[in-house]
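Architecture at a glance
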Amino acid sequence: MCESSPAGGAAGPLSILALVSGNGTNLQALIDAEKAGLFCTPGGRGALSLVISDRPGVYALERAGAAGIPFLVEAPSPDAPKAGKRQELSDRLLGRARERGIGLIILAGFLSILEGKIVDEYAGRIINLHPALLPKYGGEGMYGSRVHRAVLAAGETESGCTVHLADAGTDTGPILLQRRVPVLDNDTAEILAGRIHREEHIAIVEAAVLMIRRLCGGG
Ligand code: GAR
């Protein structure tokens, strides 16, 4: 049933846009999962059809290119007024998503914050990956190694990752799934990040499959 259409949608697979900002190991996990057939669900298939980075020159774009997925850079505009920067970038991304008939947006290590129309228009169809057990250690300024440093400084014995639906807040939408790891005595932020990264690669794929099933109507 891999070639069936998303429920109620136009012919063809559910088009997925991945937004990235860096190395793209989570993007790679998604690419590998699609290649392995995991995005084929009883109701329809998901397909990575566009990758957009908010930074030029990041390795994630090379991964997209090597996999034959079209990619673009949409960086925050240096001309937009500071207060409107997020909105301006979000609207540009919305334009790209509409243009390509995107049905699902995956923030796979994306460090800009989306706001405005894209969040409304894609409500229930944007998922975000965060390197901590939300609602702890999320929100403005909590990304990458800052999160792990805060977890260590607080003396937590457990951390992990979360995939959630994006809403108008920062790291606040309904949680789809979490994976947990222990925090060990001699952990540095880098060691903890590496342990969490391995779980993220599983979580992002599980969440993508869950969303493809949901949006393609296959249960
Ligand atoms: C991941 O750890 C992801 O959770 C984090 O950026 C990293 C990207 O790694 N995202 C955030 O901190 C968003 N708040 P990757 O480029 O190797 O996929």
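The following paragraphs examine the structure supplied in this document. Predicted, not measured: the structure shown is a model, and the values here were computed from it.

1. Side note on the pattern of salt bridges
Note on pairing: side chains with opposite charge can pair once their charged atoms come close. By the definition in use, this model includes 12 salt bridges. The network of salt bridges with shared partners includes Glu-74, Glu-88, Arg-92, Arg-96 and Glu-99.

2. Focus: the side chain of Thr-162
Examined against the element boundaries, Thr-162 turns out to sit in strand β7 (residues 158-165). One polar contact links Thr-162 to Gln-178, side chain to side chain, over a distance of 2.9 Å. Leave out the neighbours within four places in its chain, and Thr-162 touches Asn-128, Leu-129, His-130, Ala-132, Leu-133, Leu-134, Ile-175, Leu-177 and Gln-178.

3. Digging into the pairing of strand β5 (residues 104-107)
Regular strands place side chains that alternate from one sheet face to the opposite one. Side chains Leu-104 and Ile-106 project from β5 onto one buried face, and the interleaved Ile-105 and Leu-107 project onto a second face that is buried too. Of the pairings in the sheet, the one linking strand β1 (residues 14-20) to β5 comprises 4 bridges and is parallel in character. Paired with Ala-18 across the bridge in β5 is Ile-106. Note: β5 against strand β6 (residues 126-130), 3 bridges, orientation parallel. Note on β6: the bridge partner recorded for Leu-107 is Asn-128.

4. What about the site of the ligand?
For the ligand, the set of nearby residues contains 14 residues, the closest of which are Gly-24, Thr-25, Asn-26, Gly-144 and Glu-200. Gly-24 is positioned such that a nitrogen or oxygen atom in its backbone is 2.7 Å from an oxygen atom of the ligand. Contacts to the ligand include His-130, whose side-chain N or O atom sits 3.3 Å from a nitrogen atom. Calculation on the ligand without its partners gives an accessible area of 450 Å², and the protein chains cover 90% of this total. According to the grid-proximity analysis, the pocket containing the ligand is the largest pocket. Counting residues per element, the ones that place at least two in the shell around the ligand are α1 (25-35), β6 and α6 (189-216). Residues belonging to the shell around the ligand are distributed by class as follows: 5 nonpolar, 8 polar and 1 charged.

5. Quick word on the layout of surface pockets
Counted as a void, the largest pocket has a volume near 900 Å³. Looking at the lining of the largest pocket, the elements with two or more residues in it are α1, β6, α5 (145-153) and α6. Among the elements that take part in the lining of the largest pocket, α6 stands out by supplying 6 residues, more than any other. A per-class count over the lining of the largest pocket returns 17 nonpolar, 20 polar and 8 charged.

Procedures and definitions
- Residues numbered from 1 in each chain as written.
- Predicted model: local features only at pLDDT ≥ 70, side-chain atom pairs only at ≥ 80, totals over all residues.
- Heavy atoms only, no water.
- Salt bridge = Lys/Arg side-chain N within 4 Å of Asp/Glu carboxyl O.
- Helix = DSSP H or I, 4+ residues; strand = E, 2+ residues; numbered from the N terminus.
- Polar contact = N/O pair within 3.5 Å; in protein donor to acceptor, adjacent residues only side chain to side chain.
- Contact = heavy atoms within 4.5 Å.
- Buried < 20%, exposed > 50% of the residue type's maximum accessible area, 1.4 Å probe, protein only.
- Pairing = 2+ DSSP bridges.
- Near = heavy atom within 4 Å.
- Areas by Shrake-Rupley, 256 points an atom, 1.4 Å probe, with all protein chains shown as cover.
- 1 Å grid on protein atoms, 1.4 Å probe; cavity = no way out; pocket = protein on both sides within 12 Å on 5 of 7 lines; lining within 4 Å.
- Sits in = over half its atoms within 2 Å of the grid points.
- Nonpolar A, V, L, I, M, F, W, Y, C, P; charged D, E, K, R; others polar.
- Points joined across faces, edges and corners; volume = space filled by probe spheres on them.

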